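Each chain, written out:
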Protein chains: 2
Amino acid sequence: MTDRSNLESRCINAIRFLAADAVDKAKSGHPGLPMGAAPMGFVLWDRFMRHNPKSPGWFNRDRFVLSAGHGSMLQYALLHLTGYDISIEDIKAFRQWGAKTPGHPENGVTPGVEVTTGPLGQGIANAVGMAISAKHLAARFNKPGCKVVDHNIYVLMGDGCQMEGISSEACSLAGHLGLGNLVALYDDNKITIDGPTDLTFSEDVPARFESYGWQVLVVERGNTDLEEIAAAIEAARAETARPSLICVRTTIGYGSPHKAGSSSTHGAPLGADENQATRKNLGWDAAPFEVPESVYTHMRKATDRGAALEEAWNKTLDAYRDEYPNEAALFEELISGELPDGYAQALPALGDEAHPAATRVLSGKCLNALADELPGLIGGSADLTPSNNTALKSSLAISKDDFSQRYIHFGVREHAMGAICNGIALHGSGLIPYCGTFLSFADYMRGAIRLSALSHAGVIYVMTHDSIAVGEDGPTHQPVEHIASLRAIPGLDVFRPADGREVAGAYHAAVERRDGPTLLALSRQSVPSLDGTSAEKAMKGGYVVRDCGGQPAMILIGTGSELSLCVAAAEELEREGVSVRVVSMPCWERFERQDPHYREAVLPKAVTCRVAVEAGSGFGWERYTGSAGAAVTIDRFGTSAPGDVCMENFGFTVANVVQTARGLVS
Amino acid sequence: MTDRSNLESRCINAIRFLAADAVDKAKSGHPGLPMGAAPMGFVLWDRFMRHNPKSPGWFNRDRFVLSAGHGSMLQYALLHLTGYDISIEDIKAFRQWGAKTPGHPENGVTPGVEVTTGPLGQGIANAVGMAISAKHLAARFNKPGCKVVDHNIYVLMGDGCQMEGISSEACSLAGHLGLGNLVALYDDNKITIDGPTDLTFSEDVPARFESYGWQVLVVERGNTDLEEIAAAIEAARAETARPSLICVRTTIGYGSPHKAGSSSTHGAPLGADENQATRKNLGWDAAPFEVPESVYTHMRKATDRGAALEEAWNKTLDAYRDEYPNEAALFEELISGELPDGYAQALPALGDEAHPAATRVLSGKCLNALADELPGLIGGSADLTPSNNTALKSSLAISKDDFSQRYIHFGVREHAMGAICNGIALHGSGLIPYCGTFLSFADYMRGAIRLSALSHAGVIYVMTHDSIAVGEDGPTHQPVEHIASLRAIPGLDVFRPADGREVAGAYHAAVERRDGPTLLALSRQSVPSLDGTSAEKAMKGGYVVRDCGGQPAMILIGTGSELSLCVAAAEELEREGVSVRVVSMPCWERFERQDPHYREAVLPKAVTCRVAVEAGSGFGWERYTGSAGAAVTIDRFGTSAPGDVCMENFGFTVANVVQTARGLVS
């Protein structure tokens, strides 16, 4: 064994045992994947990754995504050993309250962790989003001899990622787009929690990826042959026209005499005895959590390399500034993440003259107006472009041959679409991703929407066809419970605007909110412009649209297409002598972030006669209607019929709102 | 042209124009797919499908699933023409209120429609479930020379189905299991709503399916060459060891001079002029909705054929009864869908002696007890068998080589798992499907869960690790909003049992409910047995667990693992002189189906001091706590730390419940 290979073996064992020791100490975690994948992790990080541990946010770094998020200790070990701000104490605190080293990787918690993974398949789709971002920016900004965007996206997948549908969707699109900057390492250990993968998974993964248009490489000796791993990564980097999958044959829990190759090391600690036996087996005599100085010395060369890389890139940027000052100004503004001054003034005044129109149509106007002002706006639809009104007049669609465009045909791939948008947002280059589908199909992408919220990704979800008023397509396509179920997600702002002014307010709020997602629920059908609505007030989440003199006897609360019913009902009730206030409540979450005085001013506790009107589930509305109130909602599935017939037959009429209100005051 | 081909062409045109006319009349719908897929639909139904239009529920029929559900008029036309109870008036009422011909196919609404489709990819996964059912029953019951289960599952997929991740999951598993009774016709028309599929979809679909282990056949002249279509279906039927994909090249909107081959015919009517031009182009001179008698005469031969098939099968069954009386009795009991008398008595008495134990462990005991009594119980987990406790001691796993078993390793394929279970339930053979994963990953399968409810499929969802008490795995794996968001789905019973007795009650309720899904939310952590709980009372959804004398001053309402906190808090509050009632509310939906007197007796309106305690989102709890109440819930994401630490730090302690309660009475 040469000195070099000896040293490299030590580095790999250091990774393995940091993982095994941390899991043992926590009595919880997944040691198997880190121990098996340590060689590929080491080779990638030691020989290929261009990053700067002391400047983890450096723009032109390579990105690394641990799609097999349960192997988090692999990533923490690599981060620690290469010099990120993760100490041995942090490693010892693995999976403990307040630690930088949670059970699955979380961006914002751990320096150097790019995205939050764990739910399988999300990470590979995030990586596809990052690769799209990098290709897009490179196509827009790079100049001959001056590459300001020049990095790769590496992702590590496990068997579970391969089985999840979201990864099939994302990888199919990655192949279609020829994402040559994407390199996926597949930890092909043939073990899942239930046992050997051949219990349920016998497909030919390489052939599948070839069918997607990927380059597929195989590393047969992934446990031991670093040169074979390195040659494969080299070949993947050399292929710039296609994404690459490297199938690395490994042994889960490598080195463990009794548990290697078994599902018993998937999600359970080795335990003291087996840990000791593994140390002996691999010739590792360091104490628990002890890392030989030689390992640090070698691996922390990454910090010097990283500083040099960043320095070189700064020089490239200087040259770019000199030669292409306009492009440089735009590029730097973009990657700063700052929104351009005054961009919101471009939002169209969608008042009376814009109506009657569907809020999805008004949404299209806002998107197009914003696209002119926000160079980072980029997005598309899951094959519903004409229905979602997501097309950008100023842009063609991104394709393999022209990556400078800003529209994305995601295909009928909702789940991947959401996760790709998370990846675009978390690429951290100032891009503002939006994506559209029918609201009903939020169900298909809920795994990704939740992660937008958890990982603070400022994705804008453009969800049209937002109620039973969808009509003829029937109950499969008519949202009922969706708005309620989305409101329940912590950190997601759900906006259901009533007219053009509120649509503009919703977009302003969504764009402004760069640290979390906003979902817009938009009507298929036309709605009128309403007196008293306001973009600015809509941004407060709830406000008085129409008031009576003095304390109202009754408050009608509406959202979206039903706000107009409330206004008309209020007029009728007033004719009957009931003093009525109408409150528009387009975004509960924003309303709940207002101060208590404002909230009390809009919805005084003393007024207990309240009727909420929303063409969706009543679930949750008791929060605002209170024990004495009522709601005009729908708590069953819809039916196939023209939208206006559905609305009328399910009680979304002025007469029914009036009658329900009367029931409270009589 | 021969007489036969002439007649067949007329049949195909009848299908095409029933679709085009119905869409034109409704001014809504998707004519393109039916017009392009009419030849394959005709050949399949006319030459191959074994079914009985006058007896649509006949057990041994071939099943047909229109996974491309937007082409519903293809199916309605075939049903009408072959003699199902769908009249021309029904066709004329396409997409209208109360019609048998809704926008997308819905089982229970239209005779002969097996499953509800429309959300893309669901149908192919349902078909995989049906194919599993048929293979399983055949393996259990068929005898040499006596095949009581002998039918195929046909499914028609579009491009959208191919792109959805759920279909990748389902088709990978179908290949693994060698479902030779599954034949998928892929309407390969290369057009989606956004335009040509090559905008976003350039993968090699045949190669992908070969990588899954499917037989792949290609029909090049799918618009015109009926013999080529027939030969492919014949070859698919002949292959019994592998599922078959037949890629049929078609033209969307075939025959339309200006719209054929274009996305403009995907989701929009042809319109009168183009309809007329298409009639001329295809030489069709029948009036709108007019079907030549020769077409009826030919296609309704299906009814005689069907009667003969059913008759022959009845004879087979007679012979089977004679020769294998025990098997026959079991088989007939099973396919009757009736539950065995007294099965519920086998549910274990999981009282004090079973505790402390996690409700997921107690769930495993119930499942195993039920498996002995319910010959139709069949299910598995998405690669979390040991965590979900879903294994059956009495059964090995289904495999290609032994389909008689009752356990299914679904792999890490949650979305397909749900849809496969829908297919098993809707196969209509008395099988009772259950499936398990972590509650957090309900998000991945929500599209299928919603369809369980909408299509009245009695699937049992075994969702473990139901709160932040999951602990170390962290926020990605800790459900917060999931229970609320599932409660919002109409028709889904969500059960969160507190201890063993309630787990048994939950299973009794879930099994009994054959016309709708039940989801069980089960704890990872151990819980105590509680005085006053009851399986029978739990089946009411909500009941008094612990009471005071007379009218209580305060009601504590708990579910699942937090019910014990309520009981302990009540004891403490009573020591302070507050008379407290504790209500267990394991299933809101069942409680809400009780009569008003019962509900008032449990939760008297007069008692407004109420505290709800649930380790999940408070969203929706205002329904029970009312304006004057409070809730101990969590409305943010959790964190990675030991479960008990999470519970304590997020306020799920007796002390915090007591303090919250005191805040109301003081």
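Quantities reported herein were computed from a predicted structural model and do not represent experimental measurements.

## What to know about the overall build of chain A
- The helix and strand tally for chain A stands at 26 helices and 20 strands.
- Whereas a compact globule of 666 residues would reach a radius of gyration of roughly 26 Å, chain A reaches 27 Å, a difference of no more than 12%.
- Principal-axis analysis of the C-alpha atoms places the extent of chain A at approximately 95 × 60 × 45 Å.
- Burial status across chain A gives 68% buried among its 666 residues.
- Counting only contacts in chain A whose residues sit at least 6 apart along the sequence, the fraction spanning at least 24 positions is 77%.
- Accessible area of chain A: about 20000 Å², with a carbon and sulfur share of 49%.
- Positive and negative side-chain charges in chain A, numbering 58 and 79 respectively, have mean positions lying 2 Å apart.

## Focus on the packing of aromatic side chains
- What the rule picks out here adds up to 43 aromatic pairs over all chains.
- Plain terms: the ring middles of Tyr76(B) and Phe94(B) are 6.2 Å apart, the flat faces sit at 70° to each other, and that makes the pair edge-to-face. Of the two residues, Tyr76(B) sits in helix H3 (residues 72-82) while Phe94(B) sits in the loop between helix H4 (88-92) and helix H5 (122-141), which places them 18 residues apart along the sequence. The exposure classification of Tyr76(B) matches that of Phe94(B), with both residues buried.
- Members of the aromatic cluster, each reached through a chain of ring pairs, are Trp588(A), Phe591(A), Tyr598(A), Phe619(A), Trp621(A), Tyr624(A), Trp588(B), Phe591(B), Tyr598(B), Phe619(B), Trp621(B) and Tyr624(B).
- The ring of Tyr598(A) has Lys540(A) lying over it, and the distance from NZ or CZ to the ring centre is 5.2 Å.

## Some points on the environment of Phe94(B)
- Look at Phe94(B) and you get buried, because its relative accessible area is 2%.
- Through-space distance from the C-alpha of Phe94(B) to that of Lys27(B) is 9.8 Å; in sequence the pair is 67 residues apart.

## So, the domain arrangement of chain A
Residues and elements named next belong to chain A.
- Domain boundaries in chain A define domain 1 (3-306), domain 2 (343-527) and domain 3 (537-665).
- Contacts between the two partners involve 29 residues from domain 2 and, on the opposite side, 34 residues from domain 3.
- For the pairing of domain 2 and domain 3, the buried interface totals around 2500 Å² over both sides, and the portion due to carbon and sulfur atoms is 57%.
- If you sort the residues of domain 2 by the area they bury against domain 3, Ile468, Arg487 and Arg496 come out on top, with a joint share of 28%.
- Taken together, the connections running from domain 2 to domain 3 amount to three salt bridges.
- With a closest N to O distance of 2.8 Å, arginine 593 and aspartate 493 form a salt bridge.
- For the side of domain 2 that touches domain 3, the elements supplying multiple residues, two or more each, are helix H18 (482-487), strand S13 (493-495) and helix H19 (500-512).
- The greatest single-element share of the side of domain 2 that touches domain 3, amounting to four residues, is contributed by H19.
- Looking at the side of domain 2 that touches domain 3, its residues break down into 14 nonpolar, seven polar and eight charged.

## Some remarks on the sheet that holds strand S12 (residues 460-464) of chain A
All names here are of chain A.
- The six strands are arranged S10-S9-S11-S12-S14-S13 in an open sheet whose pairing can be described as parallel. Edge positions in the sheet fall to strand S10 (407-409) and S13, since each of these pairs with one other strand and no more. Pairs of neighbouring strands in the sheet enclose a mean axial angle of 20°, with direction left out of account.
- Note: S12 against strand S14 (residues 518-522), five bridges, orientation parallel. Pairing of isoleucine 460 across the sheet is with threonine 518, part of S14.
- The strands touched by H19 are strand S11 (432-438), S12, S13 and S14; relative to S14, the strand with the most contacts, the crossing angle is about 165°.

Basis of the calculations
Residues numbered from 1 in each chain as written. Chains lettered and ligands numbered in written order. Predicted model: local features only at pLDDT ≥ 70, side-chain atom pairs only at ≥ 80, totals over all residues. Heavy atoms only, no water. Helix = DSSP H or I, 4+ residues; strand = E, 2+ residues; numbered from the N terminus. Rg over C-alpha atoms; globule rule 2.2 N^0.38 Å. Buried < 20%, exposed > 50% of the residue type's maximum accessible area, 1.4 Å probe, protein only. Contact = heavy atoms within 4.5 Å. Areas by Shrake-Rupley, 256 points an atom, 1.4 Å probe, with all protein chains shown as cover. Lys, Arg positive; Asp, Glu negative; His and termini not counted. Charge placed at Lys NZ, Arg CZ, Asp CG, Glu CD. Phe/Tyr/Trp six-rings, centres within 6.5 Å; stacked < 30°, edge-to-face > 60°. Lys NZ or Arg CZ within 6 Å of the ring centre and 35° of its normal. Domains from an automatic or database assignment. Buried area = accessible area lost by both parts, 1.4 Å probe. Salt bridge = Lys/Arg side-chain N within 4 Å of Asp/Glu carboxyl O. Nonpolar A, V, L, I, M, F, W, Y, C, P; charged D, E, K, R; others polar. Pairing = 2+ DSSP bridges. Axes fitted to C-alpha atoms, helices over the stretch in contact; angles between N-to-C directions.

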